[in-house]
Amino acid sequence: MIKAVIRDPQGPLILLGLSGENVTRLMVDEPIALNLAELGLPPLRIVLTGGRTEADIVHQLERHFGPLPFTCPRCNRTSHHPDDKRHGYCANCHDHTGATP
């Protein structure tokens, strides 16, 4: 992977270039993790992955990194409880506000 940062008046521009090896990793459902601290920027991890649908991408990420949080589309509160995501339930709204998988 080619990584570079261009300092621009509007803020840093991060360039990522995927080699054939990294494209192959994405094709076999292996996400690529990158830490911006390696580029001299504030530490922020970025994960690149691909998939045919959002559900495919979520499945890949959860397989590698554990359950993703559920954010209520109504009130924007985030829950890290796996049952809330599984059932699309928002404890703040006391209602099922999200799509269930």
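Above this text sits the structure in question.
Residues numbered from 1 in each chain as written. Predicted model: local features only at pLDDT ≥ 70, side-chain atom pairs only at ≥ 80, totals over all residues. Heavy atoms only, no water.

Describing the overall build of the chain
Argument step 1. Tallying secondary structure elements over the chain gives three helices and eight strands in all.
Argument step 2. Counting helices and strands in the order they occur from the N terminus, the chain gives β-β-α-β-β-α-β-β-α-β-β.
Argument step 3. Relative to the globule expectation of 13 Å for 101 residues, the C-alpha radius of gyration of the chain, 17 Å, shows a markedly less compact shape.
Argument step 4. In terms of overall dimensions, the chain has a C-alpha envelope of 45 × 35 × 20 Å along the principal axes.
Argument step 5. Across the 101 residues in the chain, those meeting the buried criterion constitute 20%.
Argument step 6. Expressed as a percentage of contacts within the chain between residues at least 6 apart in sequence, the contacts between residues at least 24 apart total 24%.
Argument step 7. Of the roughly 7200 Å² of accessible surface on the chain, 55% is carried by carbon and sulfur atoms.
Argument step 8. With 10 positive and 11 negative side-chain charges, the chain shows a separation of 3 Å between the mean positions of the two kinds. (Helix = DSSP H or I, 4+ residues; strand = E, 2+ residues; numbered from the N terminus. Rg over C-alpha atoms; globule rule 2.2 N^0.38 Å. Buried < 20%, exposed > 50% of the residue type's maximum accessible area, 1.4 Å probe, protein only. Contact = heavy atoms within 4.5 Å. Areas by Shrake-Rupley, 256 points an atom, 1.4 Å probe, with all protein chains shown as cover. Lys, Arg positive; Asp, Glu negative; His and termini not counted. Charge placed at Lys NZ, Arg CZ, Asp CG, Glu CD.)

Re a nonpolar patch on the surface
Argument step 1. On the surface, Leu-18, Val-23, Met-27 and Val-28 cluster together into a nonpolar patch covering about 380 Å² of accessible area.
Argument step 2. Tracing the backbone shows Leu-18 in the loop between strand 2 (13-17) and helix 1 (20-27). (Patch = residues over 30% accessible without salt bridge, like charges linked within 9 Å, V, L, I, M, F, W, Y side chains within 5 Å. Salt bridge = Lys/Arg side-chain N within 4 Å of Asp/Glu carboxyl O.)

Here we look at helix 2 (residues 54-65)
Argument step 1. Between its first and last C-alpha, helix 2 extends 16 Å over 12 residues, near the 16 Å set by a 1.5 Å rise per residue.
Argument step 2. Remark: Gly-66 follows helix 2 within two positions and exhibits a positive phi of approximately 90°. (Expected span 1.5 Å × (residues − 1).)

So, the environment of Asn-35
Argument step 1. As for its position among the elements, Asn-35 is in strand 3 (residues 32-35).
Argument step 2. Once the C-alpha coordinates of Asn-35 and Val-47 are considered, the two residues, 12 residues apart in sequence, prove to be 8.8 Å apart.
Argument step 3. Setting aside its immediate chain neighbours within four residues, Asn-35 contacts Pro-43, Leu-44 and Arg-45.
Argument step 4. Of note is the side chain of Asn-35, whose polar atom sits 3.0 Å from the backbone nitrogen of Ala-37. (Polar contact = N/O pair within 3.5 Å; in protein donor to acceptor, adjacent residues only side chain to side chain.)

A word on the pattern of salt bridges
Argument step 1. Counted according to the given criterion, the structure contains two salt bridges.
Argument step 2. Asp-95 serves as the salt-bridge partner of Arg-74, at 3.3 Å between the closest nitrogen and oxygen. Residue Arg-74 is located in the loop between strand 5 (70-71) and strand 6 (78-79), and its partner Asp-95 is located in strand 8 (residues 95-96); the two are separated by 21 residues in the primary sequence.
Argument step 3. Exposure remark for Asp-95: the relative accessible area of 32% places this residue in the partly exposed category.

Remarks on unusual backbone geometry
Argument step 1. For Asp-29, which is not glycine, the phi dihedral falls at a positive 60°.
Argument step 2. Structurally, Asp-29 can be placed in the loop between helix 1 and strand 3.
Argument step 3. With relative accessibility at 31%, the residue Asp-29 sits in the partly exposed group.
Argument step 4. Although it is not a glycine, Asn-76 adopts a positive phi angle of roughly 65°.
Argument step 5. Relative to the assigned elements, Asn-76 resides in the loop between strand 5 and strand 6.
Argument step 6. Residue Asn-76 is classed as exposed on the basis of its relative accessible area, which comes to 59%.

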